[in-house]
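# Examining the three-dimensional arrangement
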Amino acid sequence: MCERIKSVVLLALVLLSFYLTGALLFGQPYLETASSPDYEQVETFGRIRPQAEQVYPVLRLKTEENWLQLFPWTERYLPVWKTLQFLLDPSQLPESGEKPEFSSKQVEIQFPVAVEAKLWFHDSLAADLQIRKVCWFAEDAESIWYCDEGGKWWRAKGFTAPVEWETRLAALFKKAPAYTEAGTELLAPFTAGDAVVLLPAELPAMSMYAVAAESLDTDKLLRSFFINPALVRRIEERNGAVIYTDGQRGLRIFAHGELEITVPENEPGTRNLSRAEILQETAQYLHLLGGWPEELFLQSIRANVRSITYLQQLYTQEVVFRCAARGYPLVGRKAPLSLLFSDRGIIYYNRQILSLAEPLTEPMPLVAPETALATVAVNLGIRAAGMQLLSVEAIYFVDSTAGSPPVAQPAWLIQFQNRQVAVVNGFTGELITWLQ
């Protein structure tokens, strides 16, 4: 009886072996026909901003009396910009020309970085130019002028203005803030150089505001940044900051909300990226790492193509942003968002986006910009003579280094050609600080 049971068990094992062998040989689908495994979707923030919406220029109309100027953060900007975009699509191929010296009515489109017209018109005859400025002059009404990244001017003839073009321009800029061109005597001891320094025709009235810091979902950030969140370690620092790392990349969140990311292995790069690739990568990184809010605007792009002294900076791109609220830029000691990356990926990312909360004072007119310039001149002493001004603009200055809750202080931001930047209190006219 026992032997019979053993025989039955042995037979069953043999049959099971045949079945399993057949399943291995014939029961699995071919790799080409097998369904793909399901992976957890990467977390993202908002939508990916199209390249045509990443680079917004400053729009200006010069009239007989003054300049009318629209920034990307001022009211009625988008309708005017959409109307003027056709100036990037000339009817004839641009040809090299001398710098225009016209002084009458003109339209000016000033980009923060050099761009290609194909961002808006793929088949534009100016698509190959890296355009920094676009101009139309009433004294040369049948031409459109382009200034490229190197400062060289190009002229596209054959422009046919729309019906009642100048009347339409006046209607477009009807509610735009007015600015006057500062003369030599007003700017002394400084000079304007090749720049046109514009000052508000009327003193802006501004209030001090409390400041609110952006709050991001930490778990969502971890899932979007780390390939395998299970390998991530959490380290708490004495200053309240928290570090998350998997040994190759790190994410640091400070107690005051600032976000810092480092991935050293992606530095240096292996090739130079085109401007279109830089814009595309920038939008992708913001899509994964916090999003691109409406109050955030592109300020500059610096490409480090080659560096003999710092080899790790080979083929890297640094992109810097600025914020604006209630019609004026928010400026701090650090940019609200900056990122450094190469074709291998992101290297460094810093984010601290602030917004205006409740007002702390009633609106008050700022001191005259001439008063602010005089304050800076006194601070510089004999070094002020001959320094070239780049711009003077009203801002909210946010200083978060004092230890107390930061506030947005109305101020004048005075920029020089040598990249020195002075911040002057908008209510008292006293120098607050110098920025680099």
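Residues numbered from 1 in each chain as written. Predicted model: local features only at pLDDT ≥ 70, side-chain atom pairs only at ≥ 80, totals over all residues. Heavy atoms only, no water.

## Some points on the overall build of the protein chain
- Along the protein chain, the regular secondary structure elements total seven helices and 26 strands.
- Counting every position in the protein chain, which comprises 436 residues, the buried fraction comes to 44%.
- At a minimum sequence separation of 6, the contacts of the protein chain that also span at least 24 residues come to 62%.
- Accessible surface, the protein chain: about 24,000 Å² in total, of which carbon and sulfur atoms supply 53%. (Helix = DSSP H or I, 4+ residues; strand = E, 2+ residues; numbered from the N terminus. Buried < 20%, exposed > 50% of the residue type's maximum accessible area, 1.4 Å probe, protein only. Contact = heavy atoms within 4.5 Å. Areas by Shrake-Rupley, 256 points an atom, 1.4 Å probe, with all protein chains shown as cover.)

## Observations regarding the pattern of salt bridges
- Within the structure shown, the criterion is met by 16 salt bridges.
- A salt bridge links Arg351 to Glu214; its shortest N-O distance comes to 2.9 Å. Residue Arg351 is found in strand E20 (residues 345-351), and its partner Glu214 is found in the loop between strand E11 (209-213) and helix H5 (218-225); the two are separated by 137 residues along the sequence.
- Linking Glu237 and Arg252 is a salt bridge whose minimum nitrogen-to-oxygen distance equals 2.8 Å. In this pair, Glu237 sits in the loop between strand E12 (233-236) and strand E13 (242-245) while Arg252 sits in strand E14 (residues 250-253), placing the two residues 15 residues apart along the sequence.
- Bridged by salt links that share partners, the residues Glu237, Arg252 and Glu260 form one connected network. (Salt bridge = Lys/Arg side-chain N within 4 Å of Asp/Glu carboxyl O.)

## Comments concerning the nonpolar core
- One finds Leu84, Phe111, Phe173, Phe190 and Ile414 to be the most contacted residues of the largest nonpolar core, which totals 100 residues.
- Filtering out sequence-adjacent residues up to four positions away, Ile414 remains in contact with Ala372, Leu373, Val376, Leu389, Ser391, Val392, Gln420, Val421, Ala422 and Val424. (Core = buried A, V, L, I, M, F, W, Y, C linked by side-chain atoms within 4.5 Å.)

## Considering the packing of aromatic side chains
- All told, the structure shown has 19 aromatic pairs when counted by the stated rule.
- Ring geometry for Trp136 versus Trp165: centroids 5.7 Å apart, planes at 90°, classification edge-to-face. Within this pair, whereas Trp136 is found in strand E5 (residues 131-137), its partner Trp165 is found in helix H3 (residues 165-172), the two being separated by 29 residues in sequence. The two residues Trp136 and Trp165 agree in class, both being buried.
- Ring centres of Tyr209 and Tyr396 lie 5.8 Å apart, and the angle between their planes is 85°; on these two criteria the pair is classed as edge-to-face. Highlighted residues: Tyr209 in strand E11 and Tyr396 in strand E23 (residues 389-398), separated in sequence by 187 residues. Of the two residues, Tyr209 and Tyr396, both sit in the buried class. (Phe/Tyr/Trp six-rings, centres within 6.5 Å; stacked < 30°, edge-to-face > 60°.)

## Describing helix H6 (residues 275-288)
- Spanning 14 residues, H6 covers 20 Å between terminal C-alpha atoms, matching the ideal 20 Å at 1.5 Å per step.
- If you check which residues of H6 are buried, you get Arg275, Ile278, Leu279, Thr282, Ala283, Tyr285, Leu286 and His287.
- In this structure, the buried residues of H6 make contact with strand E4 (106-115), strand E16 (296-304), strand E17 (316-325), strand E19 (337-342) and E20.
- Gly290, located one to two residues past H6, shows a positive phi value of around 115°. (Expected span 1.5 Å × (residues − 1).)

## Section: the sheet that holds strand E1 (residues 58-62)
- An order of E3-E7-E6-E5-E4-E1-E2-E8-E9 is seen for the nine strands of this open sheet, with the pairing classed as antiparallel. Two strands close off the open sheet at either side, each with one partner strand: strand E3 (95-97) and strand E9 (198-200). Within this sheet the neighbouring strands show an average axis-to-axis angle of 30°, counted without direction.
- Two strands pair when backbone bridges link them, and E3 and strand E7 (residues 153-157) are joined in this way by three bridges, in the antiparallel orientation. What sits directly across from Gly97, in E7, is Trp153.
- Docked against the sheet, H3 engages E1, E4 and E5, running at close to 120° with respect to E5. (Pairing = 2+ DSSP bridges. Axes fitted to C-alpha atoms, helices over the stretch in contact; angles between N-to-C directions.)

## Focus on the environment of Asn379
- Inspection of the secondary structure puts Asn379 in helix H7 (residues 369-380).
- For Asn379, a relative accessible area of 38% gives the class partly exposed.
- The sequence separation of Asn379 and Leu431 amounts to 52 residues, and the corresponding C-alpha distance is 8.1 Å.
- Leaving out residues up to four positions away in the same chain, Asn379 has contacts with Leu431 and Trp434.

## Brief notes about H5
- Leu221, Leu222, Ser224 and Phe225 are the residues of H5 that are buried.
- For H5, the elements touching its buried residues are E13, E14, strand E15 (259-262) and H6.
- The opening residue of H5 is Asp217, an N-cap whose side-chain oxygen sits 3.1 Å from the backbone nitrogen of Asp219. (Polar contact = N/O pair within 3.5 Å; in protein donor to acceptor, adjacent residues only side chain to side chain.)

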